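Coordinate inspection notes
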Amino acid sequence: MLDEPKRNSTQDVAPFGTIFAPYMVVAKYAENNWAEPESMPLGPLPLHPGSHVFHYGSSCFEGMKAFLMPDGMVRIFRLDRHVARLQESAQTVCLPLPPRETIEGMIRKTVELCRDAIPNEPGALYLRPTLIGTESNIGAAGAASGEALFFVIASPVGDYFSSDGRSLRIKIEDQQMRAVPGFGSAKTGGNYASALRHVVKARETDQADQVLFCPDGDVQETGASNFLLINDHQILTKPVTDAFLHGVTRDSVLTLGESLGYEIVERDFTVAEIKEWIKTGEAALSGTAAVLSGVGSFIHNGMSFTVGDGKIGANTKRLGEALKAIQAGRARDSFHWLS
Ligand SMILES: *Cc1c(COP(=O)(O)O)cnc(C)c1O
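Small disclaimer: the values here were computed from a predicted structure and weren't measured.

In this section: the overall build of the chain. Tallying secondary structure elements over the chain gives 7 helices and 17 strands in all. For 339 residues, the compact-globule estimate of 2.2 N^0.38 gives 20 Å, and the chain sits close to it at 20 Å. Projecting the C-alpha coordinates of the chain onto the three principal axes gives extents of approximately 60 × 50 × 35 Å. Out of the 339 residues belonging to the chain, those deemed buried represent 54%. For the chain, the proportion of contacts with a sequence separation of at least 24, taken over those separated by at least 6, is 71%. In the chain, 32 side chains carry a positive charge and 40 a negative one; their mean positions are 4 Å apart.

Shown next as structure tokens:
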């Protein structure tokens with residue numbers, strides 16, 4: 001849920017992603033070589049208008065959070081998983097990437113430089129490592145960019161939705177796809193561009209907050225978050241495939257849910273099953289920005305289907321709060337997610 005600025009109801013902070021921390025760390029790739037990363041004040045990047053990214057969409061990114069602990073230390077949530085996913089995304093879009101230690105070093109350096117900008121809980125420093133193809137060659141439609149830029153920027157963020165916040169209204173889209181199969185598991189701007197018109201239309205015609213993509217009835221994910229069905233005993237979600245993004249939050253909710261006694265069921269399911277499930281159960285979206293957001297209603301073919309009483313469900317709240325407690329250092333980090 002990166003695309004929907006929301007005001008924090010408990011704190012007066014800027015909408016998600018609209019303010020930036022004052023430093024960035026940048027590395028350049030040319031002639032088969034990554035130069036030493038450089039730290040600098042946040043500012044415009046000099047890019048040739050013929051850069052590969054502008055014409056052929058060669059880009060990918062990550063989104064993760066650093067939290068200020070009660071003891072004053074700063075910790076990043078599941079850095080290893082985010083870096084591993086960035087490596088997969090880079091391969092999918094045919095871009096080079098610095099070695100893992102360099103990427104981690106650049107991310108940590110950004111956190112260190114921007115330390116004063118990190119808000120207290122429930123806020124965090126949202127980190128956005130970004131990789132783009134910069135070769136200036138508009139004839140390179142069928143070739144990988146021979147030059148690249150990898151940079152890390154940061155944005156202080158508040159609580160995306162407070163836990164007593166409103167539930168979401170989600171349009172079920174069972175014709176259109178968010179991303180082409182094989183590309184859906186890459187975190188790339190191209191997939192957002194591909195989904196955007198459907199999301200914009202759903203906002204206009206159905207006042208929906210987001211679209212749940214279910215091509216041919218196969219429930220996948222929304223434009224920017226994974227999708228879970230939850231009740232008092234179970235968490236049901238689609239098993240990972242290359243058609244959708246493998247969220248770190250999704251994985252964290254499943255791991256945490258299992259430890260709290262929920263049965264984790266990863267299998268394909270249909271729109272008809274959602275309608276049946278929500279008569280008694282809950283539905284939620286997961287992602288780094290919003291953690292776990294409760295769905296209050298679905299719109300399908302112009303008809304509205306309310307989830308339970310339309311408010312955020314008790315299990316959704318419980319799981320979201322348990323995850324936030326670990327992230328903020330208020331609960332024991334049993335899974336070693338903070339580093
Ligand atoms: C980033 C993203 C998610 C959520 O992933 P997290 O690792 O949980 O933040 C889900 N879907 C899409 C399309 C995404 O880009």
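Grouped together as the largest cluster of nonpolar side chains are 31 residues, with contacts concentrated most on Ile-76, Ile-107, Leu-125, Leu-127, Leu-131 and Phe-150. Contributions of two or more residues to this core are made by β1 (23-30), β5 (64-68), β6 (74-76), α2 (79-92), α3 (100-113), β7 (124-133) and β8 (148-157). Excluding residues within four positions of it along the chain, Ile-107 makes contact with Met-64, Ile-76, Leu-79, Val-83, Leu-127, Pro-129 and Val-152. Counting 25 residues, the second largest nonpolar core, distinct from the first, contains Phe-77, Tyr-126, Ile-230 and Val-253.

Criteria and thresholds
Residues numbered from 1 in each chain as written. Predicted model: local features only at pLDDT ≥ 70, side-chain atom pairs only at ≥ 80, totals over all residues. Heavy atoms only, no water. Helix = DSSP H or I, 4+ residues; strand = E, 2+ residues; numbered from the N terminus. Rg over C-alpha atoms; globule rule 2.2 N^0.38 Å. Buried < 20%, exposed > 50% of the residue type's maximum accessible area, 1.4 Å probe, protein only. Contact = heavy atoms within 4.5 Å. Lys, Arg positive; Asp, Glu negative; His and termini not counted. Charge placed at Lys NZ, Arg CZ, Asp CG, Glu CD. Core = buried A, V, L, I, M, F, W, Y, C linked by side-chain atoms within 4.5 Å.

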